[in-house]
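What the coordinates show
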Amino acid sequence: MHRPASIVLLTGAGISAESGVDTFRDKDGIWSKVDYRDVATPEGFARDPELVHDFYNQRRSGLAEVVPNAAHAALARLERSFRGRFLLVTQNIDDLHERAGSRRLIHMHGELTKALCAKCGARHEWHGATSGSSRCPSCQQVGHLRPDVVWFGEMPYRMDEIEGALWQCDLFVSIGTSGNVYPAAGFVEMARDAGARTVELNLEPSSGRGLFDQAIHGRASEIVPEFVEHLLAGG
């Protein structure tokens, strides 16, 4: 593998699952136990905001019980060591990439540790619980804060920036993602059309396996550090 000049990485639930973060779409994942229409749609929030607040409060408080694993650490090391253009895009709403040291990072589906004011549009770091009585620090209005998480039917964040990076990259790596959720599932095709080399690092073959030039399957905490070491060595 030649040393790339521009890298875009996409991470999904598989990279955080080894840290103990619950996945959404696996057989025993969150959506097998909770109806997404109740807690992950604007309509569900309008219908029962306290149910939605409680759901995300539990998940936010659970972050204290998990830590980044070797895969998160390896990607942070790659960012520090790589001299070209670099972007890490994650579908995950946890903060494990940041805690591992990643900085050039886009949370395309939002972040558990932020709250969004539906009244004024401001976003704020938020590590405690939210409720219907929470006050927006910007506009001071009560009752309009919601989790800063992209729900079903909403547009993922910073798509123009992500697509621009995909069109310019010469290496695209997909890590721990099923390849079933769009628009992220279409990133590999965009990167291929741009002439990039495409690599899948996943526990098992994804839905889009045939679109990748190379696939390495196994536990993220094992195969991601090995891949990063190989890449930095110029192999």
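Residues numbered from 1 in each chain as written. Predicted model: local features only at pLDDT ≥ 70, side-chain atom pairs only at ≥ 80, totals over all residues. Heavy atoms only, no water.

1. Remarks on the sheet that holds strand β5 (residues 123–125)
With antiparallel pairing, three strands are arranged side by side in an open sheet as β5-β4-β6. Because the sheet does not close on itself, it has two edges, and the strands there are β5 and β6 (145–149). When strand polarity is set aside, the average angle formed by the axes of neighbouring strands in this sheet is 45 degrees. Taken together, the three bridges between strand β4 (residues 110–117) and β5 define a ladder with antiparallel strand orientation. The residue of β5 that forms the bridge with Lys114 is Glu125. Across the sheet, helix α4 (residues 49–62) touches β4 and β6, and the angle it forms with β6 is around 55 degrees. (Pairing = 2+ DSSP bridges. Helix = DSSP H or I, 4+ residues; strand = E, 2+ residues; numbered from the N terminus. Axes fitted to C-alpha atoms, helices over the stretch in contact; angles between N-to-C directions. Contact = heavy atoms within 4.5 Å.)

2. Observations regarding the packing of helix α5 (residues 70–81) against helix α9 (residues 220–232)
Running from N to C, α5 and α9 point in directions that differ by 20 degrees, and their axes come no closer than 7 Å. Here α5 lies roughly parallel to α9, going by the angle between them. Note that α5 runs across α9; the crossing there is left-handed. From α5, Ala70, Ala71, Ala74, Leu75, Arg77, Leu78 and Ser81 reach across to α9, where they touch Ala220, Ser221, Val224, Pro225, Val228, Glu229, Leu231 and Leu232. (Parallel < 35°, antiparallel > 145°, perpendicular 65-115°, else oblique. Left-handed = near helix turned anticlockwise from the far one by under 90°.)

3. Describing α5
The terminal C-alpha atoms of α5 lie 16 Å apart, and with 12 residues this matches the ideal 16 Å at 1.5 Å per residue to within 8%. Those residues of α5 lying buried are Ala71, His72, Ala74, Leu75, Ala76, Leu78 and Glu79. Tucked inside the fold, the buried residues of α5 contact β1 (6–11), α1 (13–17), β2 (85–90), α6 (96–100), β7 (171–175) and α9. Its side-chain oxygen placed 2.8 Å from the backbone nitrogen of Ala71, Asn69 serves as the N-cap of α5. (Expected span 1.5 Å × (residues − 1). Buried < 20%, exposed > 50% of the residue type's maximum accessible area, 1.4 Å probe, protein only. Polar contact = N/O pair within 3.5 Å; in protein donor to acceptor, adjacent residues only side chain to side chain.)

4. Focus on the side chain of Arg146
Looking at where Arg146 falls in the secondary structure, it is placed in strand β6. Polar contacts involving the side chain of Arg146 include one to the main-chain carbonyl oxygen of Val149, which spans 2.6 Å. Here Arg146 is in contact with Phe45, His53, Ala115, Leu116, Trp151 and Glu154, once residues within four sequence places are set aside.

5. Focus: the pattern of salt bridges
Tallied over the entire structure, the rule returns 11 salt bridges. Glu154 is paired through a salt bridge with Arg146; the nearest N and O atoms lie 2.9 Å apart. In this structure Glu154 comes out as partly exposed when scored by relative accessible area, which is 27%. With a relative accessible area of 8%, Arg146 lands in the buried category. With a closest N to O distance of 3.7 Å, Arg219 and Glu222 form a salt bridge. Residue classification places Glu222 among the partly exposed residues on the basis of a relative accessible area of 44%. Within this structure, Glu18, Arg219 and Glu222 form a network of salt bridges that share partners. (Salt bridge = Lys/Arg side-chain N within 4 Å of Asp/Glu carboxyl O.)

6. Looking at the sheet that holds strand β8 (residues 197–202)
Pairing is parallel in the open sheet, where six strands are placed in the order β3-β2-β1-β7-β8-β9. The open sheet has two edge strands with one neighbour each: β3 (105–107) and β9 (214–217). On average, adjacent strands in this sheet sit at an angle of 15 degrees to one another, irrespective of strand direction. For β1 and β2, the ladder comprises six bridges, and the chain directions are parallel. By the bridge assignment, Thr11 is partnered in β2 with Thr90. The sheet strands contacting α5 are β1, β2 and β7, and the helix crosses β2 at an angle near 155 degrees. Sheet strands in contact with helix α7 (residues 159–168) are β1, β2, β3 and β7, and its direction is about 130 degrees off that of β2.

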